[in-house]
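# Report on the structure
Read off the chains here:
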Amino acid sequence: MALYVYKFGGTSVGSVERIKAVAERVKKVHDQGHQLVVVVSAMSGETNRLIGLAKDIQQSPSSRELDVLVSTGEQVTMSLLSMALHDLGCPACSYTGSQVKILTDSSFTKARIRKIDDARMRKDLDSGRVVVVAGFQGVDEDNNITTLGRGGSDTTAVALAAALKADECHIYTDVDGVYTTDPRVVPNARRLDKITFEEMLEMASLGSKVLQIRSVEFAGKYNVALRVLSSFQDGPGTLITYEEDQMEQALISGIAFNRDEAKLTITGVPDLPGVAFKILGPIADANIEIDMIIQNIAGDLTTDFTFTVNRNDYPKAKEILDSICSELNAKAVTGDDKIVKVSIVGVGMRSHAGIASTMFKTLAQENINIRMISTSEIKISVVVDEKYLELAVRALHEAFDLEHKPQQR
Ligand code: ADP
Ligand code: ASP
Ligand code: MG
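A brief report on the enclosed structure follows. (Residues numbered from 1 in each chain as written. Chains lettered and ligands numbered in written order. Predicted model: local features only at pLDDT ≥ 70, side-chain atom pairs only at ≥ 80, totals over all residues. Heavy atoms only, no water.)

### Focus: the packing of aromatic side chains
Within a pair of aromatic rings, the relevant descriptors are the distance that separates the centres and the angle that separates the planes. To be explicit about the condition: Centre distance within 6.5 Å is the pairing criterion for rings of Phe, Tyr and Trp, where only the six-membered ring of Trp is used; planes under 30 degrees apart are then read as stacked, over 60 as edge-to-face, and the remainder as tilted. Working definition: helices are DSSP H or I runs of at least four residues, strands are E runs of at least two. Numbering for both runs from the N terminus. Any residue under 20% of the maximum accessible area for its type is buried, any over 50% is exposed, and the rest in between are partly exposed; the area is computed with a 1.4 Å probe on protein chains only. We call a charge positioned over a ring when the NZ of a Lys or the CZ of an Arg lies within 6 Å of the ring centre and within 35 degrees of the ring normal.
Scanning the model with the defined rule gives 7 aromatic pairs in all. Relative to Tyr172, the ring of Tyr6 has its centre 5.1 Å away and its plane inclined at 65°; by these criteria the two rings are edge-to-face. Of the two residues, Tyr6 is situated in strand β1 (residues 3-8) and Tyr172 in strand β9 (residues 168-173); the sequence distance between them amounts to 166 residues. Assigned by exposure class, Tyr6 and Tyr172 land together as buried. Exposure remark for Tyr172: the relative accessible area of 5% places this residue in the buried category. Cation over ring: Arg18 sits above Phe232, and NZ or CZ is 3.9 Å from the ring centre.

### Description of a nonpolar patch on the surface
The test is simple: Note on patches: the residues involved have over 30% relative accessible area and no salt bridge, like charges join within 9 Å, and the nonpolar side chains Val, Leu, Ile, Met, Phe, Trp and Tyr join within 5 Å. Every accessible area reported is derived by Shrake-Rupley at a probe size of 1.4 Å, with residue values counting cover from the shown protein chains alone. When a carboxyl oxygen of Asp or Glu lies within 4 Å of a side-chain nitrogen of Lys or Arg, that pair is called a salt bridge.
There is a patch of nonpolar side chains on the surface, built from Val76, Leu80 and Met83 and spanning about 240 Å² of accessible area. Looking at the secondary structure, you find Met83 in helix α3 (residues 63-87).

### What to know about the nonpolar core
Here is the rule: For this analysis, a nonpolar core means a set of buried residues of the types Ala, Val, Leu, Ile, Met, Phe, Trp, Tyr and Cys, connected via side-chain atoms within 4.5 Å. Residues count as neighbours in contact if any of their non-hydrogen atoms are within 4.5 Å of one another.
One finds Val37, Met121, Val133 and Cys169 to be the most contacted residues of the largest nonpolar core, which totals 43 residues. Per-element tally for this core: the top contributor is helix α6 (residues 153-164), with 7 residues. Not counting chain neighbours up to four residues away, the residues in contact with Cys169 comprise Val5, Ala157, Val158, Ala161, Val224, Ala225, Leu226 and Arg227.

### Let's talk about the environment of Asn188
Inclusion rule: Polar contacts, as counted here, are pairs of nitrogen or oxygen atoms within 3.5 Å of one another; within protein the pair requires one atom able to donate a hydrogen and one able to accept it, and residues that are adjacent in sequence qualify only if both atoms are side-chain atoms.
Within the secondary structure, Asn188 sits in the loop between β9 and β10 (194-196). For the pair formed by Asn188 and Glu403, sequence separation is 215 residues and the distance between their alpha carbons is 6.2 Å. Not counting the four nearest positions on each side in its chain, Asn188 is found in contact with His397 and Glu403. A distance of 3.0 Å separates the side chain of Asn188 from the side chain of Glu403, its partner in a polar contact.

### Here's the deal with the sheet that holds strand β18 (residues 379-385)
Our working definition: Pairing between strands requires that DSSP locate at least two bridges from one strand to the other. Angles shown run from 0 to 180 degrees and are taken between the N-to-C directions of axes, each axis being a line fitted to C-alpha atoms and, for helices, limited to the stretch in contact.
Strands sit in the order β14-β15-β13-β16-β18-β17 across an open sheet of 6 strands; the sheet is antiparallel. Each edge of the open sheet is held by one strand with a lone partner, namely β14 (290-295) and β17 (372-376). The average angle at which neighbouring strand axes cross in this sheet is 25°, direction not considered. Here strand β13 (residues 254-270) runs beside strand β15 (residues 302-310); their pairing, made up of 8 bridges, is antiparallel. Its bridge partner lying in β15, Thr265 is registered against Thr306.

### A short note on the sheet that holds strand β6 (residues 130-134)
One open sheet accounts for 8 strands, arranged β3-β6-β2-β1-β9-β11-β12-β10; its pairing is mixed. Bordering the open sheet on either side are β3 (92-95) and β10, each of which pairs with just one other strand. Sheet twist, expressed as the mean angle between neighbouring strand axes with direction ignored, is 20°. Where strand β2 (residues 35-40) lies against β6, 4 bridges are found, and the strand directions are parallel. Looking at β6, one finds that Val40 is bridged to Ala134.

### Quick notes on the site of ligand 1
Stated precisely, the cut-off is as follows: Nearness here has a simple test: a residue counts as near a molecule or strand if at least one of its heavy atoms is within 4 Å of that partner. Charged residues are taken to be Asp, Glu, Lys and Arg, nonpolar residues to be Ala, Val, Leu, Ile, Met, Phe, Trp, Tyr, Cys and Pro, and polar residues to be all remaining types, Gly included.
Around ligand 1, the surrounding shell holds 17 residues, and the nearest of these are Thr173, Asp174, Tyr179, Asp182 and Arg184. Lys7 places a side-chain nitrogen or oxygen 3.0 Å from an oxygen atom of ligand 1. Between ligand 1 and Lys209, the relevant distance is 3.4 Å, taken from an oxygen atom to a main-chain nitrogen or oxygen of the residue. For ligand 1, the accessible surface in isolation is 570 Å², of which the surrounding protein chains cover 85%. Per-class residue counts for the shell around ligand 1 are 6 nonpolar, 6 polar and 5 charged.

### Here we look at the layout of surface pockets
Put simply, the rule is: For cavity detection a 1 Å grid was placed over the protein atoms alone, and a set of points counts as a cavity when a 1.4 Å probe fits there but cannot get out; an open set counts as a pocket when protein lies on both sides within 12 Å along at least five of seven lines, with lining residues being those that have an atom within 4 Å of a point. Grid points are joined across faces, edges and corners, and a volume is the space filled by probe spheres set on the points.
Roughly 270 Å³ of internal volume is contained in the second largest pocket. Taken together, 17 residues form the lining of the second largest pocket, with Glu24, Arg25, Lys28, Val29 and Asp234 sitting closest to its centre. The leading source of residues in the lining of the second largest pocket is helix α1 (residues 16-31), at 7 residues. Of the residues belonging to the lining of the second largest pocket, the class tally is 8 nonpolar, 4 polar and 5 charged.

### What about the environment of Asp118?
Assignment of secondary structure puts Asp118 in the loop between β5 (113-116) and α5 (119-126). The class for Asp118 is partly exposed, based on a relative accessible area of 23%.

### A word on the pattern of salt bridges
According to the stated counting rule, one finds 21 salt bridges in the structure shown. Between Arg227 and Glu168 there is a salt bridge; the shortest N-O distance is 3.9 Å. Of this pair, Arg227 sits in strand β11 (residues 226-230) while Glu168 sits in strand β9; the two residues are 59 residues apart in sequence, bridging distant segments of the chain. With relative accessibility at 22%, the residue Arg227 sits in the partly exposed group.

### A look at the environment of Leu264
For Leu264, the position within the fold is in strand β13. Overall, Leu264 belongs to the buried group, its relative accessible area being 0%. For the pair Leu264 and Lys221, spaced 43 residues apart in sequence, the C-alpha to C-alpha distance is 35 Å. Apart from the residues within four sequence positions on either side, Leu264 is in contact with Phe305, Thr306, Phe307, Val309, Tyr314, Ala317, Lys318, Leu321, Thr334 and Gly335.

### Considerations on the site of ligand 2
Around ligand 2, the surrounding shell consists of Ser41, Thr47, Glu74, Phe136, Arg150, Gly151, Gly152 and Ser153. In the environment of ligand 2, an oxygen atom lies 2.9 Å from a nitrogen or oxygen atom belonging to the backbone of Gly151. Burial of ligand 2 by the protein chains amounts to 86% of its free accessible area of 260 Å². Of the residues belonging to the shell around ligand 2, the class tally is 1 nonpolar, 5 polar and 2 charged.

Okay, here's the thing in structure tokens:
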């Protein structure tokens, strides 16, 4: 007998038929004598619909109230799934995050899980019931409902798997695993049998929304056996693992991209100590996260300073820079919110030279201008104009021959 945590995303529970199909799948595993905790997302489109309602009332609603609102999406699905299981004669009981007691901090809309009480779930499991839990939500110390950020049901599932020491955590979605890149952009992208935690973490943080980044962090930290699979068809899916030596040994494992980027430049900044702090301090004070930063070498005792932020934060960041420009004796502030970031990821990069030059050559051949570059041990990211996103991803996918399985070395 094994203990599994299964998570079903929005499309997998997007209609009554889909919920019934999920119940069938769960019952089959339950009938084999296994214990199951099932985490569900809101029905597809529901979270966006709820956020839309809030925005119709108020431009910037209170984040506490927003969490009360959006957490209802998952509550609908959990009860419907539990009913569908009852209908099949499978004992089940559903719980919200606060009923389980998934304790989080109080950062509404992006709360972090602190502790999980497994007593209630254990009791149900021991008495043969399937436990259904609403994903994406928790409760803070003052009993306020919190949510874990978009895509947060993945994190609920992995955190429950860690707390319950489950044998495996399965993330069921609308693709049958993790691909070399988003198959919606590159139709001949290839499913990976395995990917390392390290690579998956990079892919997730660089924009691959197939898993929420915190779920990968959690799984890595607590060594949760994590697999991404399709809820629409059977198959092995993709295992996220530590076993680097048994990997495909590709130089590049995948390509990630992020459309939510914007860049800002402040030109002609006097090249003096403390300037970077004077620019980025007010940005940090406004709670705006910065991603890439470039400061050019000063030519004429002044320098240009460029950084990227999330596109949602662009207007606010621009306003801040405009307000400090004259105080800094800088020349001008420019910006562009029609840019994207494309990244290649792979642990194979560590031991191989020439990957960056292949990447840059490929983009040059397509006449794509690189606006910014940043590298780390296992990734290279470039910022390019938004209109080149698909072209860049497809060209790189082909240049690194990701469509074909690499030879085992
Ligand atoms: P769910 O609602 O089940 O949580 P998501 O929409 O959050 O599903 O994640 C699945 C989607 O992630 C896929 O439909 C796919 O378009 C996208 N995606 C992005 N990058 C990848 C990748 N490398 N491999 C697989 N899917 C990816
Ligand atoms: N329903 C939430 C969202 O759309 C959480 C999730 O699906 O993981 O972001
Ligand atoms: Mg998701």
